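Coordinate analysis (summary)
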Amino acid sequence: MRQFGVALLSACAFCAASHNSYPADCESPEGFAQVLRNSLSSAAAIYLPGSEEFEEVTTRWSEFSTPTVNLAVVPATENDVVETVRRANVCGLPILAFNGVHGSSTTLAQDGKTATIGGGTSSKTVTDTLWASGKQTVTGTCECVSYLGPALGGGHGWLQGHHGLVADQFVSLNIIFADGTLKTIDSSSDLWWAMKGAGHNFGIVTSVTAKVYDIEHRDWAIETLTFSGDKVEAVYEAANRYLSNLPAEITNWSWWLNEADVDPDRPIILFFIIQEGATIVDPAYVNPFRDIGPISSETKSGSYRDLATWTLIAVDSAPCQIAGRANTRFPVYVREYNVTAQREAYDIFAANVGGANSPFSGSTFLFEGYPQGGVQGIDSDSTAFAYRSDSLLIAVRLGYEPTGKELDDQAAQLGNQLRDIIHRGSGYKDLHVYVNYAYGNEKPEGWYGYERWRQARLKELKHKYDPQGHFNFYAPIE
Ligand SMILES: Cc1cc2nc3c(=O)[nH]c(=O)nc-3n(C[C@H](O)[C@H](O)[C@H](O)COP(=O)(O)OP(=O)(O)OC[C@H]3O[C@@H](n4cnc5c(N)ncnc54)[C@H](O)[C@@H]3O)c2cc1C
């Protein structure tokens, strides 16, 4: 079995080790690497800082607020992960699992209703492999993101209108816990609830068995409309009127971004209406937007596998590139568009991001309207994902060349300001955050829900399964 990704021992772990009563091997990354070399399978790779491979496996999509990595392990077998976690435990070393760009095998089960997917498999590999067998499942939309990264925080995707979130497809999970034990868990486990929304906090998932479905519709269509910034009110009023409560076959996204050829000074509105089971998008959805007077309108048809290219999130699209840039996102869930807030946010976004001269000119404001039927058909209390009744995921992504704290602070100020505008316009007292887009300054209540019982249940499970907080790097529960 080709194993997923990389287990990272990070932060100042080795300095801590040298001050405590840990074995001598724990005192340096080199010593620890030697211990691992003797324990892991011959196909596992262990990389120390300074090597090209280390750079390759530890370079992140965003260069903002990156973890300090002392040693990287690319396991080849499930047992390699067990041994890495056990040995790290002996030395008191914190661990960060990651994934993202590493391929691994997807093994189709024989029953045709489930597939077992390796922990490091990309969304694209899952989609392509299943498609070749006449199957599909809910994955994140973006080709370069892993299958499990989104899933452990809920996971939004094109098929969620039918079947729910990515996490809603879990049938069983193989997890390596902080003490190095490997267990298979399913709905009979008390941890099951937490793995669907807060799953990053409990261990390393080496494989997942997930529900898969026969492909029902091979045809998909998209209408891509481009509007100038003066159309903000008209576009989002129409979105509220014609594209709310979306049926399972319709998805509506829009982006605000610079497109110098179209408008050299201000961001444009790129507006996507996507339909499953059609070769053109139903005019009932498209015509109200054509009537607003777009700069252009383009119709395309193809299959499910074209969606990522059409919406600019395929492996070779700009958002998928790891290019040394800082990428910070400020997400907020809302029920519908507040047109006044949209205008206020657009004007501030345009003033700070518009044109070629802003350090943030490569930024995007994302408005994701997925069909919600499948998501809302699942009892909200049955998973740690807390925001099933919210219809729209809005996030500004500020992308820039990192030059230091001043620019980071400027980005944080702008991102929070823009999010505040949308949040205030939402009518929600509390900030509802998609954990997988989180900037990091939100609270656990924002990521996992404000109900006291949710927080208490998560803490209880954390104390049971990861009492020393080994898996605390990514949106920690406390
Ligand atoms: C370009 C782009 C497009 C995106 N599109 C979508 C989308 O369509 N839908 C959506 O829901 N989200 C989307 N996201 C957000 C995405 O869910 C998160 O960025 C996610 O964390 C990425 O997972 P990764 O494995 O690729 O990244 P990584 O940085 O490798 O993983 C993120 C974290 O997930 C945890 N993790 C990953 N793998 C494992 C594992 N096997 N076991 C335990 N923990 C693990 C770790 O805590 C890790 O730090 C997108 C993000 C980007 C940058």
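All residue numbers here refer to positions counted from 1 along the written sequence of the relevant chain. Residues qualify for local features only when their pLDDT is at least 70, as the model is predicted, and side-chain atom pairs are given and counted only at 80 or more; totals for whole chains, interfaces and linings, by contrast, use all residues. Water and hydrogen atoms were dropped before computing side-chain values, which therefore reflect all heavy atoms in the structure.

An unreviewed UniProt entry annotates the protein chain as FAD-binding PCMH-type domain-containing protein originating from Xylaria multiplex. UniProt positions are given in the numbering used here, feature names are shortened, and annotations may be inferred rather than shown by experiment. Within the UniProt record for the protein chain, the comment given under Sequence similarities (unreviewed entry) is "Belongs to the oxygen-dependent FAD-linked oxidoreductase family."

Cysteine sulfur atoms are paired as a disulfide whenever they come within 2.5 Å of each other. A full pass over the atoms with the stated rule returns 1 disulfide. What pairs with Cys144 in a disulfide is Cys320, and their sulfur atoms sit 2.1 Å apart. Between Cys144 and Cys320 the disulfide shows an S-S torsion of about -85 degrees. By sign, it is left-handed. Placement of Cys144 in the loop between strand S7 (135-136) and helix H6 (148-152) and of Cys320 in the loop between helix H11 (307-310) and strand S16 (326-334) is noted, with a sequence separation of 176 residues between them. A simple rule labels every residue: compare its accessible area, found with a 1.4 Å probe on the protein chains alone, to the largest value its type can have, and call it buried under 20%, exposed over 50%, or partly exposed in between. For Cys320, a relative accessible area of 8% translates into the label buried. In this model Cys142 remains outside any disulfide bridge; the closest cysteine sulfur is found in Cys144, 3.4 Å from its own. Only DSSP runs of H or I reaching four residues or more are called helices, and only runs of E reaching two or more are called strands; each is numbered from the N terminus.

Another point: the packing of helix H9 (residues 232-242) against helix H12 (residues 339-353). Direction vectors running N to C along H9 and H12 enclose 140 degrees, while the axes themselves pass 9 Å from each other. The handedness of the crossing between H9 and H12 comes out as right-handed. Contact with H9, carried on its side by Val232, Glu233, Tyr236, Glu237 and Asn240, involves Val339, Gln342, Arg343 and Tyr346 of H12 and no other residues of that element. Charged means Asp, Glu, Lys or Arg here, nonpolar means Ala, Val, Leu, Ile, Met, Phe, Trp, Tyr, Cys or Pro, and polar covers whatever is left, Gly included. Classifying every residue of the contact of H9 with H12 by side-chain character gives 4 nonpolar, 2 polar and 3 charged. Between the N-to-C directions of two axes lies an angle of 0 to 180 degrees, each axis being a line fitted to C-alpha atoms and, for a helix, fitted only over the stretch in contact. Here a crossing is called left-handed whenever its near helix is offset anticlockwise from the far helix by less than a right angle, and right-handed whenever the offset is clockwise. We call two residues in contact whenever any of their non-hydrogen atoms come within 4.5 Å of each other.

So, about the domain arrangement of the protein chain. Just so you know, the domain bounds were taken from an automatic or database domain assignment. Structurally, the protein chain comprises domain 1 (6-98), domain 2 (106-215) and domain 3 (220-448). Each side of the interface is counted separately: domain 1 has 9 residues, and domain 2 has 10 residues. As a working definition, buried area equals the accessible area (1.4 Å probe) given up by two parts on being put together, with both sides summed. Counting the surface lost from both domain 1 and domain 2, the interface buries some 740 Å², and carbon and sulfur atoms represent 68% of this. We define a salt bridge as a side-chain nitrogen of Lys or Arg found within 4 Å of a carboxyl oxygen belonging to Asp or Glu. Joining domain 1 to domain 2, the criterion identifies 0 salt bridges. We call two N or O atoms a polar contact when they sit within 3.5 Å, provided that within protein one can donate a hydrogen and the other can accept it, with sequence-adjacent residues counted only if both atoms are side-chain atoms. The interface formed by domain 1 and domain 2 contains 3 residue pairs in polar contact (both at pLDDT 80 or more). Contributing elements (two or more residues each) for the side of domain 1 that touches domain 2: helix H4 (78-90) and strand S4 (95-98). For the side of domain 1 that touches domain 2, the element with the most residues is H4, which contributes 6 residues. Among the residues forming the side of domain 1 that touches domain 2, the class breakdown is 6 nonpolar, 1 polar and 2 charged.

We now examine the sheet that holds strand S15 (residues 296-302). Paired strands are those between which DSSP finds at least two bridges. Read from one edge to the other, the open sheet built from 7 strands follows the order S15-S12-S14-S13-S17-S18-S16, with strand pairing classed as antiparallel. Single-partner strands in this sheet number two, and they are S15 and S16. Shown here is a sheet whose adjacent strand axes are inclined to one another by a mean of 15 degrees, direction ignored. Against the sheet, H12 touches strand S13 (250-259), strand S14 (263-276), strand S17 (364-369) and strand S18 (392-400), its axis set at about 130 degrees to S14.

Here we come to the packing of aromatic side chains. For this analysis, a ring pair means two rings from Phe, Tyr or Trp (six-membered ring only for Trp) whose centres lie within 6.5 Å, classed as stacked if their planes differ by under 30 degrees, edge-to-face if by over 60, and tilted for the remaining angles. Applying the stated criterion across every chain yields a total of 29 aromatic pairs. An aromatic cluster is defined as three or more aromatic residues linked by ring pairs; in this entry it consists of Phe227, Tyr236, Trp256, Phe271, Phe289, Tyr337, Tyr346, Phe349, Phe365 and Phe367. The ring of Trp193 carries Arg457 above its face, with NZ or CZ at 4.3 Å from the centroid. Placement of a positive charge over a ring is assigned whenever Lys NZ or Arg CZ falls within 6 Å of the ring centre and within 35 degrees of the normal to the ring plane.

Counted at 1.5 Å a residue, the expected span for helix H14 (residues 405-426) with its 22 residues is 32 Å, and the 31 Å between its end C-alpha atoms agrees. All of the buried residues along H14 are Leu407, Ala411, Ala412, Leu414, Gly415, Leu418, Arg419, Ile421, Ile422, His423 and Ser426. Just beyond H14, the residue with positive phi is Gly427, at close to 85 degrees. Given a helix with a known number of residues, its expected span is that number minus one, times 1.5 Å.

The next point concerns unusual backbone geometry. Here the phi dihedral of Asn245 falls at roughly 45 degrees; this positive angle occurs in a residue that is not glycine. Relative to the assigned elements, Asn245 resides in the loop between H9 and S13. Residue Asn245 is classed as exposed on the basis of its relative accessible area of 75%. At Ala475, a position not held by glycine, the phi torsion is positive, near 45 degrees. Its location among the elements puts Ala475 in the segment after helix H16 (452-465). On the accessibility criterion, Ala475 (12% relative accessible area) is buried.

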